[in-house]
Structures are given as structure tokens and as C-alpha cells.
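Observations on the model geometry
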Amino acid sequence: MEIVPLGDSALIVRVRERFEDSPEETLDEVLQTFQQLRSAAIPGVIELAPAYTTVAVFFDPVAGAKAGERPGEVLGWLREQILHVVAAGGDRGKRRKIKRAVRSVEIPVCYDPEFAPDLDDVARRAGLSTKEVVDLHSVAEYRVACIGFVPGFSFLAGLSKKLATPRRDTPRKEIPPGSVGIGGAQTGIYPLRSPGGWNLIGRTPLNLFNPKKNPPTLLRAGDRVRFRAITKEAFETLKRGEAFE
Amino acid sequence: MIVRRAGFLTSVQDLGRTGLREFGVSTSGALDSFALRVANLLVGNDEGAAGLEITLGGLQLRFDDERIVAWCGGEFDVYIGSTALPAGHTAFLRAGEELKFGRPQIGCRCWLAVSGGIDVPIVLGSRSTDLRANFGGFEGRCLRDGDVISLGPRPGSPTPATGISSWTAPHDWASPAKRDPILRFGRGIDSSRFNDVTIQHFANEAFTVSPDSDRMGVRFDGLELQREDNIDLTSEAVAPGTVQVPPSGKPILLLGDCQTIGGYPKIAHVITVDLGIAAQLRAVDHVRFSEVSLADAHRLLLERERELERFRIGLSLQSS
């Protein structure tokens, strides 16, 4: 494990070097570190953010100084605290507990051509029919490796290698919320109207980001995700239901 | 308070949103949070009260009731009727009076505090507008002509209710914008992915601010910074102050609206005390970068906090 400064008010705890080699284990380990650090509530730490192989620790150097650390020693002190927390919680019992706590979320997706302008492209590249693409995409189990880009955008690991498709040469200026896309070896859902370069293959009627709720996102890092193919009628019905929330 | 003219880009901001990075929610907030804190203290507000961030001026406000106002930031011409209100001074506005912001000579942003603060709903712990995700602030958007903005209850301040104060906040706090500034930085997490020549270039050459800059980040033209390797990096956290280098080789300095994660190599991190200067950068400004240690970055930050504490005490003695 490596701990490196991200400027003067954050550190990055690098739990593993690579993500692709073992996404499941890496995620579990990163989330474990994230939860250990959260429950440790180290003084001066403002927030934590897990992403793929790392947990970022944002802190207030002024609070650190109030805790009695000299300017030159705040980072060293924090690094020690982090190492201590992670070492203390390293037993296998806790790891199993965290594994059990992983949530499973099912996301209904309509793969109708109206919502899937790039489905044909993805199929052509993969040498598959569009139905095969939909089947492959909706049968797999994914995990949220990271949330970022825009609030609630979930990067999902676990896409069938056959479906990996490079991003579009020219990103779209505006992508409708709920759009499900493929970008390289990952799949994900656009929660908000935003620009984007991923290949769009469907849309979910679910609202993935709602600032009126806390937590504001439907998905969290580590969640297990499955897509369930739905008809356009089902999409419209669910969409109406979401609007009343 | 009525927005007669909204100007180029004016939004409600406080000190930003924290604790939601794991959900991809950016900090937002005043790009120079220190300037907003000083302006708030000047008008008797809590330093975290919501104010207005004004970009490139053009804002014209009319007040429905008596308020104390103060602003800090770039070099703007600001008027109450025909009377100039310099940065860092407080002014007492009567009902019906108008406050006008011209275009800046130096810098591009300033922060206005109004006694009582801007009263918009708290969304996810903050009154800041998230202009990328369109929530928070005033209806999740920047202000428009004709908007009517609620203000909080006026603090029961005994400040003498006449004209413009003769005393002021320290000049560097009220007017942090500089022509061709130097930004101090600490080594970036990925600086080892650049060779020594590139690092030297970064630390020695001037970079020109591109017109393509916004609240997410300042983009630079000029020398292209080449990487040693071409390995795809795994995305990880970025923060305001991070300087990342995309494949074009043209560095981007991230500001308060930046996304929470990024996959470009991070060559440097501008120190927190200089983020207010970075927030003033506008097209064709020239910038140089100068390396400091993290210990110095922390020392400078703590010194500034101690001075702010003294300033706060001074203000409270003055009004008592």
C-alpha cells in the first residue's frame, strides 16, 4: 500500500497497483479500506472517495495544525494514522463482513432502437447480432468500480470482452439522462443530461441522481448491478412512476 | 433583492459541498473561498454565508431593504448609484439603491456578500450552485435578468448605518488578482511520468490562459508537456488545484467545479493559498509556476488563517 499527497489538502491511499488483474478482490479491498477509514473518523479528515484501486482522503490542514501538528508534520502524522487504521482492521473476519454487505441492484433497461443509437455499431464491431449484444449485456453481473465524471455516473466493471467498444470519435454534446453506454471495456449509465463519448445501447427509466435525497445516488461504489431488458411500454410505465417520487 | 441585469455569469455560492465525492458530487462553491469569507466577515455574516460569484461583471442589483454589502476579488469598477465602492470596504445601502458591477481591469471574478446572506435552500449541505449538474443555488442555475433573490434576516449589527467605510480589509485579501501571476505548486502524484526536461519546462516557462477556461478548470496554451510513458492510468481522485496533462500535452489547472475523478497524469498541484489567484485567470493572461514544499504550503495556509482570525477579532472590537 502506497500513500501519496494529492496537493496540500488530500492524500491518495493506493491499495493496489492494478485494477484489471482482479477487479473483484481489488474492489473489496478498496471498499474495506474506505470503510475502515470512515469508521476511524481521523480528526481533520473531511471526506473519503474510493475509485478503482484507491481511496482519496481529503483533509483540512488547519484542523490538523489545531490538533497540535507542526506545518511540516501534518502529512506525516496523517499518513501514520491511516496506516494504523488499515493495519488494525486487516483481519479476515471484517473482510467477510464487508463482502456480505455488498448491495445488489437491478436496473431495468430498454434496448429499443429509439434509445440505442449505437447498438448497431457495437454489434457490427463485435461481429454479433443486436439481440446477442443485448443478451450479453443483460446477462452479466457488474460491479460499480467508481462513481464520478458527473454526480451519480457509475463506471461498471464486468463487461463481456466481446462488447468492448472504443469511445466515439466525436462525443455527443447532449446525452439524455438514463442512457446506458459502452466506453472501452466498461459500461455505465449517464445520470444527467451531459456531453459524452460512450456508445449508447439503451436507456433506464430510473433516476440515478436525485439531489433531494441523501445519499443522492441510486448506485454506490461496490454495488453489484444487473440489467434487466424491458419493453418500451414497461419503460414508459416505470418512467411515470419515477416522476412521482 | 432584484437582479436588474444578471451580467455574464453570476451564481449563488457559499464555501462549497463536502462529503459527497464518493457520489461524484463536486465541491462547487466560491472559486476563491477566502475572498468570500473575508467579504462575509466585513458585512457581519457568518463566514460561510452564501454570496454571489460574479464573472466578468455586468451585474446590476436593486435592494428592497437596507443592507450592508462588501466585495472582494478582481479589479472591478463597482458603483452604488454614482459613488464608487472599492474592494474590501463595506457600504450601507438604503432600500431602492442600486449596486452595479462594471467589467474587470484585472482578473475575472469577484464575490459579493450581503448582510443576512443569500437565502436559497440548502441542497446536499450547501447553498452553492452546481452549474454542471444544475442543482443547488438559485433554481440550480446562474442568475437571469429579473430574478428576485431572497436574503436572510439582517444580523443585528450595530455598524453605523451610513455610506462607505473608510477602513478596509488587507489589500491582498480584497484584491488578490495579479497581472501575469506566479502560482506556487507541489510536485504532482504522476510527476515521475514526465522527464526532467518537461518538469523544468513546467517550472520555468510561461503558459497562456486559453479562452476555453471555465469554473471546471483553466486550460493553457503554450509549450506542450510530453509524457515519458503512454500507459493508461487508472482513474483516481483529482481536486481543485490539480494540474493534469491530457494527451494534447496542454496542461489543465482544475478549479472548484472540477469532476471528482480523472485519468490524466497529474504533474503538479497548485497550493491552496494560491487558488484564489488561479480563480482570477482569464484568456491570454500569462502564468508561471514555482515549486514549493508541502510544508511551506501548509505554513502559508496556517499563517493566513491566523491573520484572518486576528482580522475577525479586530472587526468584532470595532463593531462593539
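Above this text sits the structure in question.
It should be emphasised that the depicted structure is a prediction, and the values quoted were computed from it without experimental measurement. (Residues numbered from 1 in each chain as written. Chains lettered and ligands numbered in written order. Predicted model: local features only at pLDDT ≥ 70, side-chain atom pairs only at ≥ 80, totals over all residues. Heavy atoms only, no water.)

1. Re the overall build of chain A
A count of helical and extended segments in chain A gives seven helices and 13 strands. If you line up chain A on its principal axes, its C-alpha atoms span 60 × 40 × 35 Å. The burial tally for chain A puts 53% of its 245 residues in the buried class. Of the contacts formed within chain A by residues at least 6 apart in sequence, a portion of 61% connects residues at least 24 apart. Accessible surface for chain A amounts to roughly 11,600 Å². Of this, 51% is attributable to carbon and sulfur atoms. (Helix = DSSP H or I, 4+ residues; strand = E, 2+ residues; numbered from the N terminus. Buried < 20%, exposed > 50% of the residue type's maximum accessible area, 1.4 Å probe, protein only. Contact = heavy atoms within 4.5 Å. Areas by Shrake-Rupley, 256 points an atom, 1.4 Å probe, with all protein chains shown as cover.)

2. Examining the overall build of chain B
From N to C terminus, chain B includes five helices and 19 strands. On C-alpha atoms alone, chain B measures out to a radius of gyration of 20 Å, which is about the 20 Å that the 2.2 N^0.38 rule sets for 320 residues. Principal axes of the C-alpha set define a box for chain B whose edges measure 60 × 35 × 35 Å. Looking at chain B as a whole, 57% of its 320 residues are labelled buried. Considering only contacts within chain B whose residues lie at least 6 apart along the sequence, 77% involve residues at least 24 apart. Carbon and sulfur atoms make up 48% of the accessible area of chain B, which amounts to about 12,600 Å² in all. (Rg over C-alpha atoms; globule rule 2.2 N^0.38 Å.)

3. Quick notes on unusual backbone geometry
Of note, the amide linkage connecting A:N214 to A:P215 takes the cis form, showing an omega dihedral of 5°. In this structure, A:P215 sits in the loop between β12 (199-203) and β13 (224-230). Although it is not a glycine, A:A41 adopts a positive phi angle of roughly 45°. For A:A41, the position within the fold is in the loop between α1 (23-40) and β3 (45-51). A residue is classified by how much of its surface remains accessible, and A:A41, at 56% relative accessible area, is exposed. The phi dihedral of B:L124 falls on the positive side, at around 50°, and the residue is not glycine. Structurally, B:L124 is set in the loop between β10 (106-114) and α2 (171-174).

4. Some remarks on the interface of chain A and chain B
Counting residues at the interface gives 46 residues for chain A, matched by 37 residues for chain B. When chain A packs against chain B, the two sides together hide about 3,300 Å² of surface, and 68% of this comes from carbon and sulfur. Considering only the side of chain A, the residues that lose the most area to chain B are A:D8, A:E47 and A:P71, jointly responsible for 18% of the buried surface there. On inspection of chain A and its partner chain B, the count reaches three salt bridges. With a closest N to O distance of 3.2 Å, A:E47 and B:R21 form a salt bridge. Linking chain A to chain B there are ten residue pairs in polar contact (both at pLDDT 80 or more). When contributions to the side of chain A that touches chain B are tallied by element, the ones reaching two or more residues are β1 (2-5), β2 (10-14), α1, β3, β4 (54-59), α2 (61-66), α3 (74-88) and β6 (141-147) of chain A. The biggest single contributor to the side of chain A that touches chain B is β3(A), with six residues. Here the side of chain A that touches chain B is composed, by residue class, of 31 nonpolar, nine polar and six charged. (Buried area = accessible area lost by both parts, 1.4 Å probe. Salt bridge = Lys/Arg side-chain N within 4 Å of Asp/Glu carboxyl O. Polar contact = N/O pair within 3.5 Å; in protein donor to acceptor, adjacent residues only side chain to side chain. Nonpolar A, V, L, I, M, F, W, Y, C, P; charged D, E, K, R; others polar.)

5. Quick notes on the packing of helix α5 (residues 119-126) of chain A against helix α6 (residues 130-139) of chain A
Packed helices, taken two at a time, are described by their axes: the angle between them and the distance between them. All names here are of chain A. Between α5 and α6, whose axes approach to 9 Å, the crossing angle comes to 95°. Compared by their axis directions, α5 and α6 come out roughly perpendicular. Each of L119, D120, V122 and A123 in α5 lies in contact with α6, whose residues at this interface are T130, V133 and V134. Along the lines of polarity and charge, the residues of the contact of α5 with α6 split into five nonpolar, one polar and one charged. (Axes fitted to C-alpha atoms, helices over the stretch in contact; angles between N-to-C directions. Parallel < 35°, antiparallel > 145°, perpendicular 65-115°, else oblique.)

6. What to know about the pairing of strand β19 (residues 286-291) of chain B
All names here are of chain B. Examined bridge by bridge, strand β11 (residues 182-187) and β19 share four bridges and lie parallel to one another. Bridged to L183 within β19 is F289. As judged from the two bridges shared by strand β12 (residues 207-209) and β19, these two strands associate in the antiparallel manner. Bridging from a neighbouring strand, T208 pairs with H286 of β19. (Pairing = 2+ DSSP bridges.)

7. Brief notes about the side chain of B:S210
The residue B:S210 is located in the loop between β12 and β13 (217-221) in this model. Residue classification places B:S210 among the buried residues on the basis of a relative accessible area of 8%.

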